[in-house]
Number of protein chains: 2
Amino acid sequence: MRDFTKKLRVLLIDDNANHLRGIKELISLETSYNVVGATRNANLGLSLIKKYRPDIVLMDVNMPEKDGLQTIQSINKLGISTNVVILSGYDDSDLIYRAMKLGARGYVLKTMASSKLIDAIETVADGKIYLPSVLTTRFFEYFQNAAKEESKVSAGENLLTTLTGRENEVLDLLTQGINYKSIAQKLIISETTVKTHVNNIFQKLQVNDRTNAVLYALTHGFKPSSTMQQEMAAA
Amino acid sequence: MRDFTKKLRVLLIDDNANHLRGIKELISLETSYNVVGATRNANLGLSLIKKYRPDIVLMDVNMPEKDGLQTIQSINKLGISTNVVILSGYDDSDLIYRAMKLGARGYVLKTMASSKLIDAIETVADGKIYLPSVLTTRFFEYFQNAAKEESKVSAGENLLTTLTGRENEVLDLLTQGINYKSIAQKLIISETTVKTHVNNIFQKLQVNDRTNAVLYALTHGFKPSSTMQQEMAAA
DNA sequence: AATTATCAATCGTTCCATGGATTAAATGAC
DNA sequence: GTCATTTAATCCATGGAACGATTGATAATT
């Protein structure tokens, strides 16, 4: 948990000088915070993060040169567990989704009351995610839509359902890039039997080589039905 | 937007008779709501949804026979755009993630104050997502962790970066399940040249057949670098 | 400026292994 | 009696390995 005897170390990154100054003043009013750095340049911000290890990084997404999303990625590569709170001018669902996916811990709109920014810092410092209701809704607009598209593919006229149990096992091994001989050994059947199964699979999936069979399986949500032999092999 | 002249039609599904009764009474107190149905059985709930087309469905996740998640899927298959609000006893991050991914519009814990349930209904009826701060945090615990695992694979010693431009184009076609001859035709080069490229790809990706090359590409975030010729072909 | 080295991209030939199509058939379970 | 599972034998196409070799672009060296 948070150590209330120490001041929260906050770093600011925003290419807009006015915003930067405004935010800095706002945060400096809070006695429990300590602004360890404020810069208009993302790359400079990265080295400041390396040097000062701030608890919280408040960062604009929309910056020239290196944008906020790229900067989050760079921070992740550093292996430093800093809590990033994104500042943005727009409630673009795609942008919110990508920022959160990259590990942002909070997202605040610049149009929001300044008290929200303090809320965000407090919440995030407390180990929680700060995402206002509107932005949560925006996030899920994107997220649920993407999930829907995904399920569309794996649903609807799914030829995978026509496969028998044994064919499923064989397809499972095919999707692991294993050849006839090894499949035969794994299933303890002859190679010709494997070929028969594979041929049947091809016909059912309406393809004519293993690569396309594997591609079909992967893009249609194939999940090996009997995972038994793998677990046994692991034992 | 919501039509305030009409009552919100609410359907309840919860296998626990006491909960069901309690929630029903709670909601009945609100004059702007109309409970169109309340059932302890998920499958019965489904037919009630078909019949009454409620604005909101309040549903328990933890039910015998058919659980809440499966029920959401069934509702989705019906093609009815009902807003599902999940009721759950636990703030399990995995469960929250899956429910939201399947399209739930809200998530409320049974341990929360009953006023939260009203808040949820209001918020969701208003077209927004209702996810309390704690649950948002839980959700992102799972979501960001999954994203992290994903990026781990596509990052780190990625052999794909060693491929040349031409090799990338060839691999792109390989991942579409195309054979040597057709690749040669598409790229307007000889088949032997394609084989040379493919062999180089195999060595760089440390595999020895096309299936494994394709599998490597797909599991390591391969994105064809030059999409030009495809766009040109489309024109 | 001339050279050397490196590397991407191209093509060819040979040769063998593997993949895949086809046809046929036996067994056992439901 | 249908269907899943198994095996066999034949045959051809495709995939892939191995070795060699040319061109052009780029960079480094002299």
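Residues numbered from 1 in each chain as written. Chains lettered and ligands numbered in written order. Predicted model: local features only at pLDDT ≥ 70, side-chain atom pairs only at ≥ 80, totals over all residues. Heavy atoms only, no water.

Topic: the packing of aromatic side chains
(1) Moving on: By the definition in use, this model includes 18 aromatic pairs over all chains.
(2) Moving on: Aromatic side chains Phe-143 of chain A and Phe-139 of chain B sit 5.4 Å apart centroid to centroid with 90 degrees between the ring planes, which places their arrangement in the edge-to-face category. Here Phe-139 of chain B lies in helix H6 (residues 133–154) and Phe-143 of chain A lies in helix H6 (residues 133–154), a pairing that spans two chains.
(3) Moving on: An angle of 85 degrees between the planes, with centres 5.7 Å apart, marks the rings of Phe-143 of chain A and Phe-143 of chain B as edge-to-face. Of this pair, Phe-143 of chain A sits in helix H6 while Phe-143 of chain B sits in helix H6, each in a different chain.
(4) Moving on: Since its relative accessible area comes to 4%, Phe-143 of chain A is described here as buried.
(5) Moving on: For the cation-ring pair, Arg-210 of chain A lies above Tyr-180 of chain A, with the distance from its terminal atom to the ring centre recorded as 4.6 Å. (Phe/Tyr/Trp six-rings, centres within 6.5 Å; stacked < 30°, edge-to-face > 60°. Helix = DSSP H or I, 4+ residues; strand = E, 2+ residues; numbered from the N terminus. Buried < 20%, exposed > 50% of the residue type's maximum accessible area, 1.4 Å probe, protein only. Lys NZ or Arg CZ within 6 Å of the ring centre and 35° of its normal.)

Section: the protein's contact with DNA strand D
(1) Moving on: In the vicinity of DNA strand D, 18 residues are found, and the nearest of them are Thr-164, Arg-166, Ser-190 and Thr-193 of chain A together with Asn-199 of chain B.
(2) Moving on: Of all DNA strand D atoms lying within 4 Å of any protein atom, the proportion belonging to sugar or phosphate reaches 70%.
(3) Moving on: With respect to DNA strand D, the side chain of Thr-196 of chain A contributes an N or O atom lying 3.4 Å from a base oxygen.
(4) Moving on: The contact in question runs from a phosphate oxygen of DNA strand D to an N or O atom on the side chain of Tyr-180 of chain B, over 3.2 Å.
(5) Moving on: Among the secondary structure elements, those contributing two or more residues to the surface near DNA strand D are helix H7 (165–174) and helix H9 (191–205) of chain A together with helix H8 (180–187) and helix H9 (191–205) of chain B.
(6) Moving on: Ranked by residue count, the leading element in the surface near DNA strand D is H9 of chain A, at four residues.
(7) Moving on: Split into classes, the residues belonging to the surface near DNA strand D amount to three nonpolar, 10 polar and five charged. (Near = heavy atom within 4 Å. Polar contact = N/O pair within 3.5 Å; in protein donor to acceptor, adjacent residues only side chain to side chain. Nonpolar A, V, L, I, M, F, W, Y, C, P; charged D, E, K, R; others polar.)

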